[in-house]
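Secondary and tertiary structure notes
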Amino acid sequence: MVGRIAGLISCVMCAVPFLMIAVYNKDSKEPINFWSGDTTLKGKIRNVKDYNREMALFYKRCSITFLITGIGFIVIPIVGAILICFDCTLGIYLMYKNYKTILNLYS
């Protein structure tokens, strides 16, 4: 049971920052950065309001993904382990591709 709870707590600790970025930056006048902290986004993004709305939704999806993974750890630990491996490998690639799509849409 300790492993299940540790898995859940780890996933929640990953989900919370994504959710905080989504909630607190969605109405920002500055474009929401992806992990890199790109400071040139201000000059690239044409419609900051819509871009931030899309990015907030993007970060909420990331948060939900980690919460589902945490629930997977509670229900069946092997499912949680498989999901966390997916989140940290293919999931990162999919996040990057999704971010590039959003960036190209609003640049």
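This one's a predicted model, so the numbers in the text were calculated from it and none came from an experiment. (Residues numbered from 1 in each chain as written. Predicted model: local features only at pLDDT ≥ 70, side-chain atom pairs only at ≥ 80, totals over all residues. Heavy atoms only, no water.)

Our next topic: the environment of Met-20. You can see Met-20 is positioned in helix α1 (residues 2-25). Taking the relative accessible area as the measure of exposure, Met-20 reaches 45% and is therefore partly exposed. Separated by 44 residues in the primary sequence, Met-20 and Ile-64 place their C-alpha atoms 12 Å from one another. (Helix = DSSP H or I, 4+ residues; strand = E, 2+ residues; numbered from the N terminus. Buried < 20%, exposed > 50% of the residue type's maximum accessible area, 1.4 Å probe, protein only.)

So, on to α1. End to end, α1 covers 35 Å across 24 residues, agreeing with the expected 34 Å (1.5 Å per residue, within 8%). Of the positions making up α1, those classed as buried are Gly-7, Cys-11, Ala-15, Phe-18 and Ala-22. Considering only its buried residues, α1 is in contact with α3 (48-75), α4 (77-88) and α5 (90-106). (Expected span 1.5 Å × (residues − 1). Contact = heavy atoms within 4.5 Å.)

Attention now goes to the confidence of the model for the protein chain. Taken over all residues, the pLDDT of the protein chain has a mean of 90, while the share at 70 or more is 99%. Per-element mean pLDDT across the protein chain ranges from 81 in helix α2 (residues 41-44) up to 93 in α3. (pLDDT = per-residue confidence, 0-100.)

With that out of the way, let us pick up the packing of α4 against α5. Relative orientation of the contacting elements α4 and α5 amounts to 40°, with a least axis distance of 3 Å. Between α4 and α5, the interaxial angle falls into the category oblique. Of the residues in α5, those in contact with Phe-86, Asp-87 and Cys-88 of α4 are Leu-90, Gly-91, Ile-92 and Leu-94. Split by residue class, the contact of α4 with α5 holds five nonpolar, one polar and one charged. (Axes fitted to C-alpha atoms, helices over the stretch in contact; angles between N-to-C directions. Parallel < 35°, antiparallel > 145°, perpendicular 65-115°, else oblique. Nonpolar A, V, L, I, M, F, W, Y, C, P; charged D, E, K, R; others polar.)

Should the charged atoms of two oppositely charged side chains come close, the side chains can pair. The full count for this structure, using the stated rule, is three salt bridges. The shortest N-O distance in the salt bridge between Glu-30 and Lys-42 comes to 3.1 Å. With a gap of 12 residues between them, Glu-30 in the loop between α1 and α2 and Lys-42 in helix α2 connect regions that are remote in the sequence. Its salt-bridge partner being Asp-50, residue Arg-53 comes within 3.4 Å of it at the nearest N-O pair. Of the two residues, Arg-53 and Asp-50 are both situated in helix α3; the distance of three residues between them amounts to about one turn of the helix. Residue classification places Arg-53 among the partly exposed residues on the basis of a relative accessible area of 45%. Its relative accessible area of 24% is what places Asp-50 among the partly exposed residues. In this structure, a network of salt bridges that share partners links the residues Asp-50, Arg-53 and Glu-54. (Salt bridge = Lys/Arg side-chain N within 4 Å of Asp/Glu carboxyl O.)

Let's shift gears to the packing of aromatic side chains. Enumeration over the complete set of coordinates arrives at six aromatic pairs. Here the aromatic rings of Phe-18 and Tyr-59 are separated by 5.8 Å at their centres, their planes lie at 20°, and the arrangement is stacked. Of this pair, Phe-18 sits in helix α1 while Tyr-59 sits in helix α3, and the two are 41 residues apart along the sequence. Accessibility assignment for this pair places Phe-18 and Tyr-59 in one class, buried. Here a set of aromatic residues connected by ring pairs shows up, and it is made of Phe-18, Phe-34, Phe-58, Tyr-59, Phe-66 and Tyr-99. (Phe/Tyr/Trp six-rings, centres within 6.5 Å; stacked < 30°, edge-to-face > 60°.)

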